[in-house]
Amino acid sequence: MNVLSIRQLPGVATAVLLLAGLVAGPVQAQQGTVAGQVTDKANQQPVAGAQVLIGGTSLQARSSREGRYTITNVPAGQLSVQVRLIGYATATQPVTVAAGQTATLDFALTGAAVPLDAIIVSATGQEQLKREIGNTVGTIDAAKLTQEAAPMNAADLLNSRVPGVEVMQSGGTTGTGSRIRIRGATSLSLRNEPIIVVDGVRVDNVPNADRKTGNRWKS
């Protein structure tokens, strides 16, 4: 019969913890912190909600109400920091991060009536440059369309305006909603309605749905 001695386990656990400490120590010693403040160049007021990104990494942060931001666990070395915010021109500055130290980097943003880079807000609320998205992004100029031929509703505004987007009536009853399909139906059992976000708010686009119960109306 094989017998395992329990008394040896604490020693093994201690060795594992020591090894983990030896590995984590040098890694943490090679990292630093980038902190600073984002302000408006015109009036020197703090800018809140600006997206601060470390180039070449996935590290990012948002400026607070006081315009301050802090990004930890930044690799040591020469890096590029970029700040984005709708209504302002994108700003980029180099920074040198020393291991175990905090590098201070402030930004003064310049207002831009027309953004130099188009920014897309995804369904999750993340802001991303249009040229960095792998998906096709369609644009509808509603102001121009209303001057040429005034649409009766939002369905008329979307229908046949973007390749792959189809708007269909959900039923023959007056007042029923419309179905939106992007590149046709993709599932036989799940809903095929796309996610719709208007000004950052997700819209309920279930056709013929009872908003209280979530059940579909019976025709």
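Keep in mind the model is a prediction, meaning the values are calculated, not measured. Every chain is numbered independently, its residues counted from 1 as its sequence is written. It should be noted that, the model being predicted, local features are given only for residues of pLDDT at least 70 and side-chain atom pairs only at 80 or more, the latter also being counted only at that level, while totals for whole chains, interfaces and linings use all residues. Side-chain calculation: all heavy atoms of the structure are included, whereas hydrogens and water are not.

## Some details on the overall build of the protein
For clarity, the cut-off: Going along the chain from the N terminus, every DSSP run of H or I of four or more residues is numbered as a helix, and every run of E of two or more is numbered as a strand. Accessibility here uses a 1.4 Å probe with only protein chains present; expressed as a share of the type maximum, an area under 20% marks a residue as buried, one over 50% as exposed, and anything in between as partly exposed. The contact criterion used is simple: two residues touch if any of their non-hydrogen atoms lie within 4.5 Å. Only the protein chains shown count as covering a residue, and every accessible area follows the Shrake-Rupley method with a 1.4 Å probe.
Of the regular secondary structure elements, the protein holds 3 helices and 14 strands. Taken across its 219 residues, the protein has 24% of its residues classed as buried. In the protein, the proportion of contacts linking residues at least 24 apart, taken out of those at least 6 apart, comes to 40%. Accessible surface, the protein: about 15,500 Å² in total, of which carbon and sulfur atoms supply 55%.

## Here's the deal with the confidence of the model for the protein
The test is simple: A score from 0 to 100, pLDDT tells how confident the predictor is in each residue.
Looking at the protein as a whole, its pLDDT mean stands at 75, while 67% of the residues score no less than 70. Within the protein, helix α1 (residues 9-29) has the poorest average pLDDT of any element, 49, and strand β8 (residues 107-109) the best, 96. This model gives residues 1-9 a pLDDT under 50, and the stretch forms 0 contacts once residues within four places in sequence are excluded.

## A closer look at the side chain of Thr39
Along the chain, Thr39 falls in strand β1 (residues 31-40). Taking relative accessible area as the criterion, Thr39 reaches 17% and is therefore assigned buried. Once residues within four sequence positions are removed from consideration, Thr39 is found in contact with Gln44, Gln45, Pro46, Val47, Phe107, Ala108 and Leu109.

## Notes on the nonpolar core
Defined as follows: What makes a nonpolar core is a set of buried Ala, Val, Leu, Ile, Met, Phe, Trp, Tyr and Cys residues whose side-chain atoms join them at distances within 4.5 Å.
Within the largest apolar cluster, 22 residues are counted, with the highest numbers of intra-cluster contacts made by Val38, Tyr69, Phe107 and Leu109. Elements with a contribution of two residues or more to this core: β1, β2 (51-54), β4 (68-75), β5 (77-84), β6 (91-97) and β8. Each residue touching Leu109, except ones within four places of it in the same chain, is listed here: Val38, Thr39, Asp40, Lys41, Val47, Val83, Tyr88, Ala89 and Ala91.

## Thoughts on the side chain of Arg84
Mapped onto the elements of the fold, Arg84 is located in strand β5. Look at Arg84 and you get buried, because its relative accessible area is 9%.

## Description of the environment of Val95
As for its position among the elements, Val95 is in strand β6. Put simply, Val95 and Leu105 are 10 residues apart on the chain and 7.2 Å apart in space, counted from C-alpha to C-alpha. Filtering out sequence-adjacent residues up to four positions away, Val95 remains in contact with Gly77, Gln78, Leu79, Val81, Ala103 and Leu105.

## Remarks on the sheet that holds β2
Operational definition: In this analysis, strands are considered paired if DSSP registers two or more bridges between them. Axes here refer to lines fitted to C-alpha atoms; in helices the fit is confined to the stretch in contact. Angles between the N-to-C directions go from 0 to 180 degrees.
Strand order in this open sheet of 4 strands is β3-β2-β5-β6, and the pairing throughout is antiparallel. A single partner strand is all that each edge strand has here, and the edge strands are β3 (60-62) and β6. If you compare each strand with its neighbour and ignore which way they point, the axes differ by 25° on average.

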